[in-house]
Amino acid sequence: SKAMNFDDAVVTGYRDHVWHLCRGGTARDVFAEMMGKSIGASKGKGGSMHFYNSKNLWFGGNGIVGAQASIGAGLAWKYSLANGKQSPKNVAACLYGDGAANQGQVYECLNMTALWKVPCIFVCENNQFGMGTAISRSSSCPNV
């Protein structure tokens, strides 16, 4: 199959609400988590940034800007070890915002996954603002 499925891992940052639904969560999980209820996606303790569903390889949002790049690279490396570099059966998708594009660890992970040829898809979700700061004010190259 050429499409991602629940055997492929996904990790992201703060923009994780819809991804939780895509990875098998429900609107009830989302709203309960946002209201701090124990029936929430992370038992009401994670709030907006920490949705999680290990059964469907959804490693949720991360509160540290750019931290998901390291997790995504590690998940991809695991797939490479398990299935062989020449024919990995699965991928890890790592989504990060334009604010994280300026973080050194993101570039390190992009470089390492390319060098190791591990199956990681990096996606920059660019909405032109990182933590409320316009990308034109925070990056010398606003076309990330």
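An account of the accompanying structure is given in this report.

Calculation rules
- Residues numbered from 1 in each chain as written.
- Predicted model: local features only at pLDDT ≥ 70, side-chain atom pairs only at ≥ 80, totals over all residues.
- Heavy atoms only, no water.
- Helix = DSSP H or I, 4+ residues; strand = E, 2+ residues; numbered from the N terminus.
- Buried < 20%, exposed > 50% of the residue type's maximum accessible area, 1.4 Å probe, protein only.
- Lys, Arg positive; Asp, Glu negative; His and termini not counted.
- Salt bridge = Lys/Arg side-chain N within 4 Å of Asp/Glu carboxyl O.
- Polar contact = N/O pair within 3.5 Å; in protein donor to acceptor, adjacent residues only side chain to side chain.
- Contact = heavy atoms within 4.5 Å.
- Phe/Tyr/Trp six-rings, centres within 6.5 Å; stacked < 30°, edge-to-face > 60°.
- Pairing = 2+ DSSP bridges.
- Axes fitted to C-alpha atoms, helices over the stretch in contact; angles between N-to-C directions.
- Parallel < 35°, antiparallel > 145°, perpendicular 65-115°, else oblique.
- Left-handed = near helix turned anticlockwise from the far one by under 90°.

Structurally, Asp8 can be placed in the segment before β1 (9-11). We note that Asp8 is buried and unpaired, the nearest opposite charge coming from Arg23 at a distance of 6.1 Å. A distance of 2.9 Å separates a polar atom in the side chain of Asp8 from the backbone nitrogen of Val91. Ignoring sequence-local partners within four residues, the contact set of Asp8 consists of Ala3, Arg23, Asn56, Leu57, Tyr79, Lys89, Asn90 and Val91.

On inspection of all chains with the given rule, the structure shows two aromatic pairs. Ring plane angle 70 degrees and centroid distance 5.9 Å describe the contact between Tyr52 and Phe59, whose orientation is recorded as edge-to-face. Relative to Trp116, the ring of Trp77 lies with its centre 6.0 Å away and its plane at 35 degrees, an arrangement referred to as tilted. Of this pair, Trp77 sits in helix α3 (residues 67-83) while Trp116 sits in helix α4 (residues 104-116); the two residues are 39 residues apart in sequence, bridging distant segments of the chain.

Strand order across the open sheet formed by three strands is β1-β2-β3, with parallel pairing between neighbours. Each edge of the sheet is formed by a strand with only one pairing partner; in this case those strands are β1 and β3 (120-125). Strand-to-strand, the axes of this sheet are offset by a mean angle of 15 degrees, without reference to chain direction. Pairing of strand β2 (residues 92-97) with β3, which is carried by six bridges, proceeds in the parallel orientation. Its bridge partner lying in β3, Ala92 is registered against Cys120.

Where α3 contacts α4, the axes come no closer than 8 Å and their chain directions differ by 15 degrees. If you check the angle between α3 and α4, you find them roughly parallel. Crossing handedness for the pair α3 and α4: left-handed. Two secondary-structure elements touch here, α3 through Ala67, Ala69, Ser70, Ala73 and Trp77 and α4 through Gln105, Val106, Cys109, Thr113 and Trp116.

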